[in-house]
Every structure is written in C-alpha cells, then in structure tokens.
Amino acid sequence: MDKCYLCETEINDKNKTIEHIVLNSIGGRLKSSKLICKNCNSKFGNTIDSNLSKQLEFFANCLDIKRERGVVQEIEMLRETTGEKYKVNSKGIPKPSKPIVKEITKGSTTEIEIKARSKKELAGILKGLKGKKYPNINVEQFIEKAEILRERISEPLKITLTIGGKESMPAILKMAINFYVEETEDIESIRNAIEDLKRNSADKVEPIILNEPLFTLNDDEITHSIFINGSSKEKKLYVIIELYSVVQFIVKLSDNYNGDNIQDLYIYDVLKKLEISREILSVPSFDFIFGFKYALSEPDFSIMQRKIEHVVKIGLKRKNKLYISEAIKKSFASTWEKLPKGHLITEEDIDQLLDELEKNIYPYI
C-alpha cells in the first residue's frame, strides 16, 4: 500500500488523487497517483502551486498552452504612454482591464462617457447609474445608440515578470520531491526536504541561470525539464528544473544522501505534447550546486533574454498560424459557404467576404 509522503496516510480508493509532478496549469503531463493524498494535494494546489502557476501565466498565454482542466488565463499588460491596463487573451487580443466611466459637468448639464467591453457590461453600468444618480436614463436607448470602437494600439504593451519568492518557491521543491519519489520510491533519503515542504520553506531552492545548457534545444521546441543527480560517494542529491525553456531552479535535495547513485533527465515538449530524449551535455558539479547562492552570483541575464525571445518568437508564429487561419475559415463560413450550390460569385459577394476578413483578422494585427 502506498503512503502519502507528506502526512504518511495510506493512499486508498477514497483519498487517492492525481498529483501532477509538473503542474497541469503550465501544460505538464507527468503525474502519479501514489505520491500524496487528496487532502495534501488540495492544500498545496490552492496555495504554492497556484502562486507559481500565476507567475508563469505569461508563458502559458504566449504559447497558448492547453491544460487538461481549465483554460489559459488572460494576462494584464500596460500601455505606458497612457497608463491604461489591458487584459490580453491567448489569441493576443487585448481589451481594457476595466470599463471607463467619465462624468463631465458643463453648467447645469452632465455628460456621461462610458467605454464598456460588451453590451452586457454597458447595460449593467447604465442600470447602476439609473438606480443611484440618474433615474431618467433610458438604458435601452443608450445601448441602441452605442458604437463599437476598434482601436489599433501602435505601441508595445509591457508586462513585468516576477517569478519566485516564498509564496511559490516551495512548489519547485515539491516538484523535485515528486520526481525523485516517483523515480525511486525512496522517502527516507530526502526526509529533511519533505519536512521543509511541510513548513512551506524554500531554503533548499535557488533560482539560477546556467551558463551551459543541460541538453540541446531545437529551434522549434519549448520544454519543461527535470534533471536529477545523486551520488552515494559525494553524499549529495540535487535537482535542476527548467520551465518553458527559460526559468531555471536548483533544488539541493540532500547534503547527507545515503541512497543509490542516480542520474536522470526528463524532458517534455510542451508544444508537441510528448516526452523527448536528449543526451546530457554538461553536468554541474556537486560543489558548484551546493555552494551556489543566487544573491551572491552574477547571473548572465543576456542568456535569459535570448530564451524569452525564443519563446515569444514561437508564440507569435503559433498565433499567426493558428488564429489567422481560424479567422479566414470563419470569414468563408459566414459568407461564401452560405451561398447556394452553383451560385456565380459576384462583386458584391467578394466585397462581403473582404469585409468579414477585415473584421475577423483585425484583432490579431
């Protein structure tokens, strides 16, 4: 009978749960039902796992990473020249983060300017104003006269990424523990790391930017990877985790390791949704890993910049390929495909198709 490595409760049919070793919210598919119980899964899933997922949402959004449950969340981005905030969906389409309501008083009259993101939202705002301050507002008339505005944002929208911290780093520790226990079924060798996880401590975790890659990454690949290295001679065990081929962490699982020698590399292609195999190019020494302190290091941020550019380049390519193609199909479906069989295409039909193409493709430009 398997036991939850956190609370040591025996796992049975009533408390069994699927634990994603790599978070499902970031496209992870590696999972197990013999690691932790349902209660512990819920506890950590709603706290540290959720926090890490939110920090990595930019990458999931950029690449439109599908998950087994739920949808890709919108991300908030800033238009620096105006200070306006926008929510951007996984198709790359921005919309204002919130509606704008302006009341402009001119003498004895008041003008109300409303920018809403939908007619439903506009109706709600108008009904609120009618009930509180302006009982004479004709809600239906205002909605009927409302105009749909399309705005081209000519400047890049900005986003600030903050990854790590005590709220999310324990999720990296849990990922490392999950992988080791799944591979070896050995709990005793990493008992101290498990106790750290129970306390939500991330003392064993450090962000890092490795100067040398662990394996070769092809131009069309984005991966999650976990590398584990343990030596009975060195009495040390560590894990290197890389998410979206960008964000790297080291986990010093044990500096008093009594288990068997182990060296394993797991790589998952998040775009093709399959596990891949690669030769290990370089193995960081135990002295380097256990002596590393991010605060005292001099990380080469140009390496991370290139990695992020790689993700964004692939993300834009995927959006163009998937969504513009989708917009074209939608335009044909709503125009020419509705024409009777044998109908001769007229200039009017062409104009109608072009209008639909403009309407459907515009949001992606």
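What this report covers is the structure whose coordinates are included nearby. Because the structure is a prediction, the values reported are computed rather than measured.

1. Overview of the layout of surface pockets
- Counted as a void, the second largest pocket has a volume near 480 Å³.
- Around the second largest pocket, the lining comprises 18 residues; the ones closest to its centre are Ser25, Gly45, Asp49, Ser50 and Arg69.
- The set of elements that each furnish at least two residues to the lining of the second largest pocket consists of strand E1 (19-20), helix H1 (38-45) and helix H2 (48-55).
- Ranked by the residues each element gives to the lining of the second largest pocket, the list is headed by H2, at four residues.
- Looking at the lining of the second largest pocket, its residues break down into two nonpolar, nine polar and seven charged.

2. Here we look at the sheet that holds strand E5 (residues 94-96)
- Strand order across the open sheet formed by three strands is E3-E4-E5, with antiparallel pairing between neighbours. A single partner strand is all that each edge strand has here, and the edge strands are strand E3 (75-79) and E5. Mean inter-strand twist for the sheet, computed between neighbouring axes without regard to direction, equals 40 degrees.
- In terms of strand pairing, E3 meets strand E4 (residues 84-88) through five bridges, oriented antiparallel. Each residue of the ladder has a partner; that of methionine 77, found in E4, is tyrosine 86.

3. Here's the deal with the nonpolar core
- Ranked by size, the top nonpolar core spans 64 residues in total, and within it Ile177 and Leu253 carry the most contacts.
- The element that contributes the greatest number of residues to this core is helix H6 (residues 169-184), accounting for 10 residues.
- Ignoring anything within four residues of it in the chain, the contact list for isoleucine 177 reads Tyr5, Ile190, Ala193, Ile194, Leu197 and Leu253.
- One finds Ile208, Tyr238, Phe286 and Phe292 within the second-largest nonpolar core, a separate group that totals 15 residues.

4. Some points on unusual backbone geometry
- The phi dihedral of asparagine 200 falls on the positive side, at around 60 degrees, and the residue is not glycine.
- The residue asparagine 200 is located in the loop between helix H7 (191-198) and strand E8 (205-208) in this model.
- Despite not being glycine, tyrosine 244 shows a phi value in the positive range, around 55 degrees.
- With respect to the helices and strands, the residue tyrosine 244 is situated in the loop between strand E10 (236-243) and strand E11 (247-254).

5. Describing the pairing of strand E6 (residues 100-106)
- The pairing of E6 with strand E7 (residues 109-115) spans seven bridges and is antiparallel. Within the sheet, the bridge partner assigned to threonine 105 lies in E7 and is threonine 110.

Here is what the cut-offs are and how they apply
Residues numbered from 1 in each chain as written. Predicted model: local features only at pLDDT ≥ 70, side-chain atom pairs only at ≥ 80, totals over all residues. Heavy atoms only, no water. 1 Å grid on protein atoms, 1.4 Å probe; cavity = no way out; pocket = protein on both sides within 12 Å on 5 of 7 lines; lining within 4 Å. Points joined across faces, edges and corners; volume = space filled by probe spheres on them. Helix = DSSP H or I, 4+ residues; strand = E, 2+ residues; numbered from the N terminus. Nonpolar A, V, L, I, M, F, W, Y, C, P; charged D, E, K, R; others polar. Pairing = 2+ DSSP bridges. Axes fitted to C-alpha atoms, helices over the stretch in contact; angles between N-to-C directions. Core = buried A, V, L, I, M, F, W, Y, C linked by side-chain atoms within 4.5 Å. Buried < 20%, exposed > 50% of the residue type's maximum accessible area, 1.4 Å probe, protein only. Contact = heavy atoms within 4.5 Å.

Any functional reading would require information beyond the geometric quantities listed.
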